[in-house]
Amino acid sequence: MAYQDEESKEYSEKVVKIDRVAKVVKGGRRFSFNALSVVGDQKGKVGIGFGKANEVPDAIRKSIEAAKKHLVKINFKGHTIPHEVVGKFKSARVLLKPSTAGTGIIAGASVRSIVEKAGIQDILTKSWGSSNPVNIVKATLDALEQLETPILAAKKRGISLNRLFGKD
């Protein structure tokens, strides 16, 4: 689900990675830049964007615009996530575990940036497989999209909360 909001002023953005890439041509090398950015409102909406340009500021601007176009709503409760989840993208795997209040964000730089922008304050994470920041960020977003609250799970299955928890 992609969301677009008119009020883009309330989003905070963070550049996760800037990379210089070269294209070898007849006269030598042509250099350009790409940027990976995360945008979020810290209330449950987060998006990632990738931009490429010949100059760094243009690449950053393009990546932020792309991130704002691909915002996703995240379901989490209070300060942490409702349940443990594993996100996958290519060979990158990211495990997200809920934690108690006051734990903080225990995560690497790529995972931390997207979790902070989503508004989650207490979480434990582990990533394995690919260490490429682009793949890690996409795997983290995949994990966050899989989250569902007990109310959502019960509604999706068409049963009551008591039945969901085996009290019926």
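Residues numbered from 1 in each chain as written. Predicted model: local features only at pLDDT ≥ 70, side-chain atom pairs only at ≥ 80, totals over all residues. Heavy atoms only, no water.

Asks: Would you mind going over helix H2 (residues 109–118) with me for this structure?
Replies: Within H2, 7 of the 10 residues are buried, leaving the element largely enclosed by the surrounding structure. Taken as a whole, H2 has its buried residues at Ser110, Val111, Ser113, Ile114, Val115, Lys117 and Ala118. Note on H2: the residue one or two positions beyond its end, glycine 119, has a positive phi of about 105°. (Buried < 20%, exposed > 50% of the residue type's maximum accessible area, 1.4 Å probe, protein only. Helix = DSSP H or I, 4+ residues; strand = E, 2+ residues; numbered from the N terminus.)

Asks: What is the right way to read the UniProt feature "domain: S5 DRBM" (unreviewed entry) in the chain from this model?
Replies: The feature "domain: S5 DRBM" (unreviewed entry), as given by UniProt, occupies residues 11–74 in the numbering adopted here. The straight-line gap between the two end C-alpha atoms of residues 11–74 is 15 Å; of that span, 22% is helix and 59% is strand. (UniProt positions renumbered as here; feature names shortened; annotations may be inferred.)

Asks: For this particular structure, what's the right way to read the pairing of strand E2 (residues 28–40)?
Replies: Working note: regular strand, side chains alternate between the two faces of the sheet. Sheet analysis places strand E1 (residues 12–25) next to E2, joined by 13 bridges and oriented antiparallel. Considered in E2, the bridge of serine 12 is made with glycine 40. Linking two consecutive strands that pair antiparallel, namely E1 and E2, is a turn of 2 residues. Pairing analysis gives 8 bridges linking E2 to strand E3 (residues 45–53), with the strands arranged antiparallel. (Pairing = 2+ DSSP bridges.)

Asks: It is not clear to me how the nonpolar core should be interpreted in this structure. Could you clarify?
Replies: The nonpolar side chains of a soluble globular protein tend to be buried with one another. Counting residues in each nonpolar core, the largest one holds 28 residues, and the members touching the most others are Leu96, Ile114 and Ile120. Listing elements by their share of this core, those giving two or more residues are E2, E3, strand E6 (92–98), H2 and helix H3 (133–146). Considering every element that reaches this core, the biggest residue donor is H3, with 7 residues. The two domains that each donate at least three residues to this core are domain 1 (4–70) and domain 2 (73–151). Judged by nonpolar contacts, the second largest core, of 5 residues, contains Tyr11, Ile64, Ala67 and Leu71. (Core = buried A, V, L, I, M, F, W, Y, C linked by side-chain atoms within 4.5 Å. Domains from an automatic or database assignment.)

Asks: Just checking my understanding: could you explain the sheet that holds E1 for this structure?
Replies: Strand order in this open sheet of 4 strands is E1-E2-E3-E4, and the pairing throughout is antiparallel. Looking along the sheet, the strands with just one partner apiece sit at the ends: E1 and strand E4 (72–73). Sheet contacts for H2: E1, E2 and E3; angle to E1, the most-contacted strand, approximately 140°. (Contact = heavy atoms within 4.5 Å. Axes fitted to C-alpha atoms, helices over the stretch in contact; angles between N-to-C directions.)

Asks: What should I look at first to understand helix H1 (residues 56–69) in this one?
Replies: One full turn of an α-helix is made of 3.6 residues, so residues set three or four places apart face in the same direction. Here H1 is 14 residues long and its end C-alpha atoms lie 20 Å apart, about the 20 Å a rise of 1.5 Å per residue gives. Of the residues making up H1, those classed as buried are Ala59, Ser63, Ile64, Ala66 and Ala67. Buried residues of H1 fall within an arc of 160° about the axis and therefore sit on the same side. Looking at the buried residues of H1, the elements they touch are E1, E2 and E3. (Expected span 1.5 Å × (residues − 1). Arc of directions from axis to C-beta.)

Asks: Would you explain the confidence of the model for the chain in this entry?
Replies: Reading fine detail from the predicted coordinates is not recommended where pLDDT is low. Summing up the model confidence of the chain, the mean pLDDT is 89 and the portion of residues at 70 or higher is 94%. Between the elements of the chain, mean pLDDT differs from a low of 82, seen in helix H5 (residues 161–164), to a high of 95, seen in E2. (pLDDT = per-residue confidence, 0-100.)

Asks: Just to check I follow, could you spell out the domain arrangement of the chain for this structure?
Replies: When the parts of a complex come together, some accessible area is lost, and that lost area is often used as the size of the interface. Parsing the chain into structural domains produces domain 1 (4–70) and domain 2 (73–151). Computed from C-alpha coordinates alone, the two centres of domain 1 and domain 2 are separated by 21 Å. On the domain 2 side, the residues contacting the 17 residues of domain 1 number 16 residues. Interface area, domain 1 with domain 2, both sides summed: about 1,400 Å², of which 73% is carbon and sulfur. The largest per-residue losses of area from domain 1 upon contact with domain 2 belong to Gly44, Val46 and Ile48, which jointly make up 36% of the total buried on that side. Between domain 1 and domain 2 we count 0 salt bridges in total. At the junction of domain 1 and domain 2, the tally comes to 4 residue pairs in polar contact (both at pLDDT 80 or more). (Buried area = accessible area lost by both parts, 1.4 Å probe. Salt bridge = Lys/Arg side-chain N within 4 Å of Asp/Glu carboxyl O. Polar contact = N/O pair within 3.5 Å; in protein donor to acceptor, adjacent residues only side chain to side chain.)

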